[in-house]
Every structure is written in structure tokens, then in C-alpha cells.
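What follows is the residue order along each chain.
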Amino acid sequence: LWVTEAIPLFVTSLLVLFLSLVWLAPVMRESGEAIENSAFLSQFFSEIIILFLGGFVLSAALHKLRLDEWLARSIIGRTGGSIPLLVMSVMVITAILSMWLSNTATAAMMLAIVIPMTNRLPTEDAYAKCLLLSIPFAANIGGLGTPIGSPPNAIAMEYMQQIGVNPSFGQWMVIGLPGVIVMLVVAWLVLMLLFRGDATSLPMEEDDLRIESSTSLYVVLITTGVTILGWVTSSAHGYHAGVVALIPVLVFFSVGILGVKDLRSLSWEVLLLMGGGLCLGTAISRSGLAEWMVGLLPVEGVSVYVLMVVFGTLACIMSSVMSNTATANLVMPII
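Anyway, here's the lowdown on the structure attached to this text. Just so you know, these numbers come straight off a predicted model, no measurement behind them.

**With respect to the overall build of the protein**
Per the secondary structure count, the protein includes 18 helices and 0 strands. Relative to the globule expectation of 20 Å for 335 residues, the C-alpha radius of gyration of the protein, 22 Å, shows essentially globular dimensions. Taking the principal axes of the C-alpha coordinates as reference, the protein spans close to 70 × 50 × 40 Å. Buried positions account for 45% of the 335 residues belonging to the protein.

Next comes the structure, spelled out in C-alpha cells:
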């Protein structure tokens, strides 16, 4: 159902929960396995889900005050019209934003900023394609930089936490950022090579976007800074990143920066999709299916690096034709 999207992805997640409660759990109890319904229900409001909820709330507040757009325009406006430098700037700011905001929302915002620029290029100039393609590439790459950058990251963190090998928020960034930097450079080089246009520079227009000083602005900036600091230093203060993620939720809705309408507009379907994947993982693990599937795999004596290539390739192929999150949900329990 996730592969074909015959029904919405989040509906499949709820179906997983429903079948776990009314079919799997009773059968497991009859076979002598002591399991509570909470084992499945808790996956839909685990610390990882709260972590992502906090990330969505941060994103909503930054977008509402147009701080994300201001940051993007400010950096892009300093390129001086050089197209290679502009493409790199677009990719860097897209990657940075997608580390903290939704990849999809970041790409949509950046495309809205960049499309008017491409209109100033000569018709059919290849640099226009280069600029537009740089955004989705950078958004996907940047999503690897933090645990909240992309839902598959959070899914991996949850499974790693279950076996006691999960990195802290800061450790994830130490591992992820070098990879992000290298892949951004490679992607930029590929785009520059494959989509080399004739234009030498891009005429830049004066940007009239201004962010007015206000109490809401300072509250958002301070809360965002405190939250990010809390995430990065979670190993020092001992609180899980999901607990820290409650700070922006409590602050922004308490002081009225965000309201009920903003709450309804959050990506709840993504949270349900993630919860369904974690619930499926619990079902696969607790039922013994994971152990049975691993027993069928020819992994005896196989190098861990070979397994990384095999499962990495499998995930790449699957995520080319289906949701990245659904792919992580299906592959991680087996891993």
C-alpha cells in the first residue's frame, strides 16, 4: 500500500495500528507473548514524533514572520549576479534551511524566490534549468545534516535508540555535515557541467523585503536559538531532543505567535506516517518476523561494508519510486 499509494500513506499507517491492536496483539497473547496495546500506540507519540512536531512548529513560526525568506533573499542578493556563485548560494541556503525546516516547504519557498530570477535569463538558457534543479538537490542533501532534517533520519534514530547506539543531536551533525558539504560541492559541479548556459551574469534587482522589529520577532529568534542550543547540547544536559522540541510548541502557542489555524496546518500526515512505520517496526520485531527474515538473508560471514552497499542500494532504488519515509519504514526493521 505504501509502494502503490493506493490509499493515502498516513491511512496505511493507521491501518497498521488497527491491525496490530485487533489482530496481531490478541494472537500474540494467545501464543503466550505478554504484550500490551501501548507497545503499538506509544509509537505514534514517541519522543521522535515530538521532536519532529517541534521542528514543524519552529518552521511555521519562521515562515509566518518571513524570517526564512528574508535569510534566503539576503544571501542570494550578495552574489553580485555571478551565475555559478548564485547557484552555489542557492544550494547552500536551501541546504541550511532544510536542516531545520521541511525539505518540501524549503524547496517551495526557494523556487518562489528563484523563478523570477530565471525569467531574467535569455529564453532557453541552460542556466535556468541549472538554478531550478539545484533547489530540490540541495533540499534533499541538506536534510541529512540534522535528525529533524528529514523523516527517515528520525526513523533511524528511533531504531538506533532501541538498541542503545543512537547518536546525540550534536553527534549526528558532526557525522552529517561533512557529507552534506561534500555532496553539495559534487552536485554543484555536476549541474555546472551538464547545464552550462551562455549567460555570463544575472541582472539582480533590489529586494524590498524588510523584517520589522517586534516583540514576536525577538521571541521567535530567542526561542529558536535556545531550542537549537538545547538540541546540540542534549548530551550535556541529559534531556532527549524530543523534550527540548516542546519548548517552541509551548512558547509560540502560549504567547499567540501561532494559533489554532497554524496548528491545523502542520504536517500531521507526516507524523502519522512516521508513527505507522515505527508501529510496523514494533510489530515486525515483537512478532519474531524480523528475526525470521534476517535468518533467510545470506549474511553469515558477509562484511558489514558489503551489507551497507546492499541495503543502501536497495533503499536508493525503493526511494526512487516511493516515499523516502515509507522506504525507511520498510527497510529499517529488517536492518
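Now that the structure has been shown, the text picks up again.
**Brief notes about the pattern of salt bridges**
A full pass over the atoms with the stated rule returns 2 salt bridges. Close ionic contact of Glu33 with Arg286 constitutes a salt bridge, the shortest N to O distance being 3.7 Å. Residue Glu33 is found in the loop between helix H1 (9–30) and helix H2 (38–41), and its partner Arg286 is found in helix H15 (residues 268–286); the two are separated by 253 residues along the sequence. Using a relative accessible area of 30% as the deciding quantity, one classes Glu33 as partly exposed. Accessibility expressed as a relative area gives 34% for Arg286, which makes it partly exposed. A salt bridge links Asp262 to Lys64, with the nearest nitrogen and oxygen atoms 2.9 Å apart. Residue Asp262 is located in helix H14 (residues 260–264), and its partner Lys64 is located in helix H3 (residues 47–64); the two are separated by 198 residues in the primary sequence.

**Focus: the packing of aromatic side chains**
Counted by the stated rule, this structure contains 4 aromatic pairs. Consider the rings of Trp100 and Phe169, whose centres lie 6.0 Å apart with planes at 20°: the pair is stacked. Of this pair, Trp100 sits in helix H5 (residues 83–100) while Phe169 sits in helix H9 (residues 169–194); the two residues are 69 residues apart in sequence, bridging distant segments of the chain. Each of the two residues, Trp100 as well as Phe169, counts as buried. Between Phe169 and Trp231, the aromatic rings sit 5.1 Å apart at their centres with planes inclined by 15°, giving stacked as the arrangement. Taken together, the residues Phe169 in helix H9 and Trp231 in helix H10 (residues 215–232) connect sequence positions 62 residues apart. One exposure class covers both Phe169 and Trp231, and it is buried.

**A few points about the packing of helix H8 (residues 151–162) against helix H18 (residues 324–331)**
Between H8 and H18, the shortest axis-to-axis distance is 8 Å and the interhelical angle comes to 20°. With respect to their mutual orientation, H8 and H18 come out roughly parallel. For the pair H8 and H18, the crossing hand works out as right-handed. Only Asn324, Thr325, Ala328 and Asn329 of H18 make contact with H8, whose side of the interface consists of Pro151, Pro152 and Ile155.

**Focus on H9**
Here H9 spans 36 Å end to end across 26 residues, near enough to the 38 Å set by a 1.5 Å rise per residue. The largest bend in H9 amounts to roughly 30° and is located at Gly176, with the proline Pro178 lying one to four residues further along. Residues of H9 that are buried include every one of Phe169, Gly170, Trp172, Met173, Gly176, Val180, Leu184, Ala187, Leu191 and Met192, and no others. Its buried side turned inward, H9 meets H5, helix H7 (126–142), H8, H10, helix H11 (234–237) and helix H12 (241–244).

**What about the nonpolar core?**
The tendency in soluble globular proteins is for nonpolar side chains to be buried side by side. One finds Val90, Trp100, Met110, Val220, Trp231 and Phe252 to be the most contacted residues of the largest nonpolar core, which totals 70 residues. Not counting residues up to four positions away in its chain, the partners in contact with Trp100 are Gly55, Thr146, Ile148, Phe169, Met173, Ile228 and Trp231.

**Some words on a nonpolar patch on the surface**
Taken together, the side chains of Leu1, Leu15, Phe18, Leu19, Val22, Trp23 and Val27 make up a nonpolar region of the molecular surface, amounting to roughly 670 Å² of accessible area. With respect to the secondary-structure elements, Leu19 resides in helix H1.

**Things to note about the side chain of Ser134**
Along the chain, the position of Ser134 falls in helix H7. By relative accessible area, which is 0% here, Ser134 ends up buried. Among the polar contacts made by the side chain of Ser134, one reaches the main-chain carbonyl oxygen of Leu131 at a distance of 2.6 Å. Among all residues touching Ser134, those that are not within four sequence positions of it are Val87, Val90, Met91 and Leu191.

Parameters at a glance
- Along each chain, residue indices are assigned from 1 in the same order as the chain's sequence is written.
- The predicted nature of this model means local features are confined to residues of pLDDT at least 70 and side-chain atom pairs, given and counted, to a pLDDT of 80 or more, with totals for whole chains, interfaces and linings taken over all residues.
- In computing side-chain properties, one takes all heavy atoms of the structure into account and sets aside hydrogens as well as water.
- Runs of H or I in DSSP of at least four residues are treated as helices and runs of E of at least two as strands, each being numbered from the N terminus.
- With C-alpha atoms as the basis for the radius of gyration, the globule rule is written as 2.2 Å multiplied by the number of residues raised to the power 0.38.
- Here the term buried applies to any residue with accessible area under 20% of the maximum for its type, exposed to any over 50%, and partly exposed to those in between, with areas from a 1.4 Å probe on protein chains only.
- Counted as salt bridges are all cases of a side-chain nitrogen of Lys or Arg within 4 Å of a carboxyl oxygen of Asp or Glu.
- Between the rings of Phe, Tyr and Trp (Trp by its six-membered ring), a pair exists once the centres lie within 6.5 Å; its type follows the angle of the planes, with under 30 degrees stacked, over 60 edge-to-face, and the other angles tilted.
- To obtain each axis, a line is fitted to C-alpha atoms, and for helices this fit is confined to the stretch in contact; angles are then taken between N-to-C directions over 0 to 180 degrees.
- Here the word oblique covers every angle except those under 35 degrees (roughly parallel), over 145 (roughly antiparallel) and from 65 to 115 (roughly perpendicular).
- For any helix crossing, the convention is left-handed if the near helix is rotated counterclockwise from the far helix by under a right angle, and right-handed if that rotation is clockwise.
- Contacts were defined at the residue level, with two residues in contact if any of their heavy atoms lie within 4.5 Å.
- Multiplying 1.5 Å by the helix residue count minus one yields the expected span of that helix.
- The angle between axes fitted to the seven-residue stretch ending at a residue and the seven-residue stretch beginning at it gives the bend at that residue.
- Among buried residues, the Ala, Val, Leu, Ile, Met, Phe, Trp, Tyr and Cys ones that are joined through side-chain atoms within 4.5 Å form a nonpolar core.
- Each patch groups residues whose relative accessible area exceeds 30% and which form no salt bridge, using 9 Å between like charges and 5 Å between nonpolar side chains of Val, Leu, Ile, Met, Phe, Trp and Tyr.
- The protein chains shown are the only cover counted for residues, whose accessible areas, like all others here, come from Shrake-Rupley with a 1.4 Å probe.
- Residues adjacent in sequence count toward polar contacts only when both atoms are side-chain atoms; beyond that, a polar contact is any pair of N or O atoms within 3.5 Å, and within protein one must be able to donate a hydrogen and the other to accept it.

Everything listed is a geometric property; what it means functionally is a separate question.
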